[in-house]
Number of protein chains: 2
Amino acid sequence: MIETKEQIKSDNLTERLIEAIVNGEYPAGSKISEPELARVFNVSRGPLREAMMRVESLNLVERIPHVGARVVTLSLGKLAEIYAVREALEGMAANLACKHITDSEIATLEELLNRHQSHIEEVDGASYFYQQGDFDFHYLIIKASKNHQLIALLCDQLYHLIRMYRFQSPRSKSRPEKALYEHFAILNAIKARDPELAEMLMRRHIKSSRLLIENELLEE
Amino acid sequence: MIETKEQIKSDNLTERLIEAIVNGEYPAGSKISEPELARVFNVSRGPLREAMMRVESLNLVERIPHVGARVVTLSLGKLAEIYAVREALEGMAANLACKHITDSEIATLEELLNRHQSHIEEVDGASYFYQQGDFDFHYLIIKASKNHQLIALLCDQLYHLIRMYRFQSPRSKSRPEKALYEHFAILNAIKARDPELAEMLMRRHIKSSRLLIENELLEE
DNA sequence: AACAACCAAATTGTCAACAATCTTGTGTTT
DNA sequence: AAACACAAGATTGTTGACAATTTGGTTGTT
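Residues numbered from 1 in each chain as written. Chains lettered and ligands numbered in written order. Predicted model: local features only at pLDDT ≥ 70, side-chain atom pairs only at ≥ 80, totals over all residues. Heavy atoms only, no water.

## A look at the UniProt feature "domain: HTH gntR-type" (unreviewed entry) in chain A
For clarity, the threshold we go by: UniProt positions are given in the numbering used here, feature names are shortened, and annotations may be inferred rather than shown by experiment. The secondary structure listing takes helices from DSSP runs of H or I that are at least 4 residues long and strands from runs of E that are at least 2 residues long, numbered from the N terminus.
The residues that UniProt annotates with the feature "domain: HTH gntR-type" (unreviewed entry) are residues 7-74 of chain A. Secondary structure content for residues 7-74 of chain A is 51% helix and 15% strand, while the C-alpha to C-alpha distance between its ends is 33 Å.

See below:
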């Protein structure tokens, strides 16, 4: 495993482009120029356009024929809609995880939450790192559901979009302690192999985030 | 509106390619040759590849670098997974539809079901046309949810894949009369603006299809 | 000054040729 | 005869140039 680096420019490009958009290097609403990006990434326009097609189907950019592509504009309304979908899908994931999770996956989750706890106790309020780990928690449960279609939808299709929102609105601190407590409760339900409880707790967990967003929305 | 035809070859191509794959013109598992398709569609390989990228992200084909693309192979297992996801998402759609559907949309749904009833009474057992209309019913309810993310996921992302499965396994007659009866029950719940009932009925409706599939799966 | 028509520059869409990689058939070796 | 190595052919990945369309500014008219 000396040279594992992907040799397909188009594929690498897709990931680099996603990363650049998600972390705000290309701000929301900004135009994306093909010749310029091709120069920046040191590629021809062919592979770049192929990458753009894929990023478009992730709903990270909007393209208008003969006009060009723009990074999608964020809005609290859209975010609330995404969280509503997450509620349904991750609830389902938690339910299925109870039935299909392995002991080793449970152990991984437990270690993860313990690390989070230590981290919160040490650096009280450092919510950035927490959010990263928060993703890991949800990510692992989704994978543990073993439903490939569900995993594809959440981890491939919605993941980057959610990440982009989080990155660009770091206001949602949402009390790490409370979230961590809820995560432990969800994990316990999964360990007890209680699908209904796990689903209910996961839905409530995400719903509380959604309600925060909708409250912000009303204040406008 | 004299010339509404899309002038972007790449965009048209995507739809034509989706249609060709869905209706089995290119059978499951068959290899897709870029030079050949470019000749068939009378296009250069550039736009064709862009269309392929999009079709790939719909999970209709699988691409392996430097080897080529193949139409996805169907399996009852995958289908069951998709139906499980549908259960969660369309249940949510029915719930939201109760809150956001308009009177004119209700009227459209009512007409649709009445036409189905007449059709079933006339040509007893013609399940093919029924299935087309079945899609319309689900499609309309999804749209009525007014959650754009949900609509995108179901109508753009999963729709074609489901259609492909249906097209290639017309065994699932699944008793049109029973399904129609369930559709009426769902519509009534929506008219009564009863989200919990509508969601429950929709989930049960889809679940019965999923169980049929899982039974077939066990017989193998 | 306001507005419409038009032209030029830039950008997107498309193409055909070139380079890199995989597949397949042949021949050799054990 | 089976297995491996190699080479020819075909296919995919990439590039740079050309064609078509939009955009923004200029000019002329009302």
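Alright, that's what it looks like, and here's the rest.
## Section: the relation of the copies chain A and chain B
The line we're drawing: Least-squares fitting of one copy onto the other uses the C-alpha atoms of those residues that reach a pLDDT of at least 70 in both copies. Every residue pair with non-hydrogen atoms within 4.5 Å of one another is taken to be in contact.
Each copy of the sequence occupies a distinct position, and chain A is placed on chain B by a rotation of 180° and an axial shift of 0.0 Å, giving an RMSD of 0.0 Å. On the angle and the small slide along the axis, the relation comes out as a two-fold axis. No C-alpha of chain A lies nearer the rotation axis than that of A:E50, which sits 2.7 Å from it. In this assembly the copies share their binding face: 100% of the residues contributing to the interface of chain A also contribute to that of chain B.

## A word on the sheet that holds strand β1 (residues 31-32) of chain B
Within a sheet, adjacent strands bond to each other through the backbone by hydrogen bonds, running parallel or antiparallel. Residues and elements named next belong to chain B. For clarity, the cut-off: DSSP-based pairing: two strands are paired if at least 2 bridges between them are found.
Pairing is antiparallel in the open sheet, where three strands are placed in the order β1-β3-β2. Strands at the two margins of the open sheet, each flanked by one partner only, are β1 and β2 (61-64). Sheet topology note: the β1/strand β3 (residues 68-71) ladder contains two bridges and is antiparallel. Directly across from I32, in β3, lies its bridge partner A69.

## Some details on the protein's contact with DNA strand D
The criterion, for reference: Being near a molecule or strand, for a residue, means having at least one of its heavy atoms within 4 Å of it. Think of a polar contact as two N or O atoms within 3.5 Å of one another; within protein, one of them needs to be a possible hydrogen donor and the other a possible acceptor, and neighboring residues in sequence only count if both atoms come from side chains. The classification used treats Ala, Val, Leu, Ile, Met, Phe, Trp, Tyr, Cys and Pro as nonpolar, Asp, Glu, Lys and Arg as charged, and all other residues, Gly among them, as polar.
Around DNA strand D, 22 residues are found, and the nearest of them are A:K9, A:S44, B:P35, B:R45 and B:R49. A breakdown of the atoms of DNA strand D within 4 Å of the protein gives sugar and phosphate a share of 71%. Contacts to DNA strand D include B:R45, whose side-chain N or O atom sits 2.7 Å from a base nitrogen. One nitrogen or oxygen atom from the side chain of B:R49 is found 2.4 Å from a phosphate oxygen belonging to DNA strand D. Going through the elements one at a time, α1 (9-22) and α3 (45-57) of chain A together with β1, α2 (34-40) and α3 (45-57) of chain B are the ones with two or more residues in the surface near DNA strand D. When the residues that make up the surface near DNA strand D are grouped by side-chain class, the tally is eight nonpolar, eight polar and six charged.

## Here's the deal with unusual backbone geometry
Residues and elements named next belong to chain B. If you check the backbone angles, H66 has positive phi at about 65° while not being a glycine. Checked against the element boundaries, H66 lands in the loop between β2 and β3. The backbone phi angle of K146 is positive, close to 65°, even though this residue is not glycine. Relative to the helices and strands, K146 resides in the loop between α6 (127-144) and α7 (148-168).

## A short note on the interface of chain A and chain B
When the parts come together, some accessible area is lost, and that loss is often what is quoted as the size of the interface. Going by this rule: Using a 1.4 Å probe, buried area is obtained as the accessible area two parts lose upon being combined, added over both of them. In the sections that follow, a salt bridge refers to a side-chain nitrogen of Lys or Arg positioned within 4 Å of a carboxyl oxygen of Asp or Glu.
On the side of chain B, 27 residues touch chain A, which itself brings 27 residues to the contact. Of the roughly 2,400 Å² buried where chain A meets chain B, counting both sides, 60% is carbon and sulfur surface. When the buried surface of chain A facing chain B is broken down by residue, A:E50, A:E81 and A:Q149 rank first, second and third, together holding 23% of it. Our count for the chain A to chain B interface comes out at four salt bridges. Across the pair B:E56 and A:R54 runs a salt bridge whose closest N-O atoms are separated by 3.6 Å. Where chain A touches chain B, the interface holds 10 residue pairs in polar contact (both at pLDDT 80 or more).

## Some words on the environment of B:G46
Considering the arrangement of structural elements, one finds B:G46 in helix α3. Considering only alpha carbons, one finds B:G46 and B:S10, 36 residues apart in sequence, at a separation of 8.4 Å.

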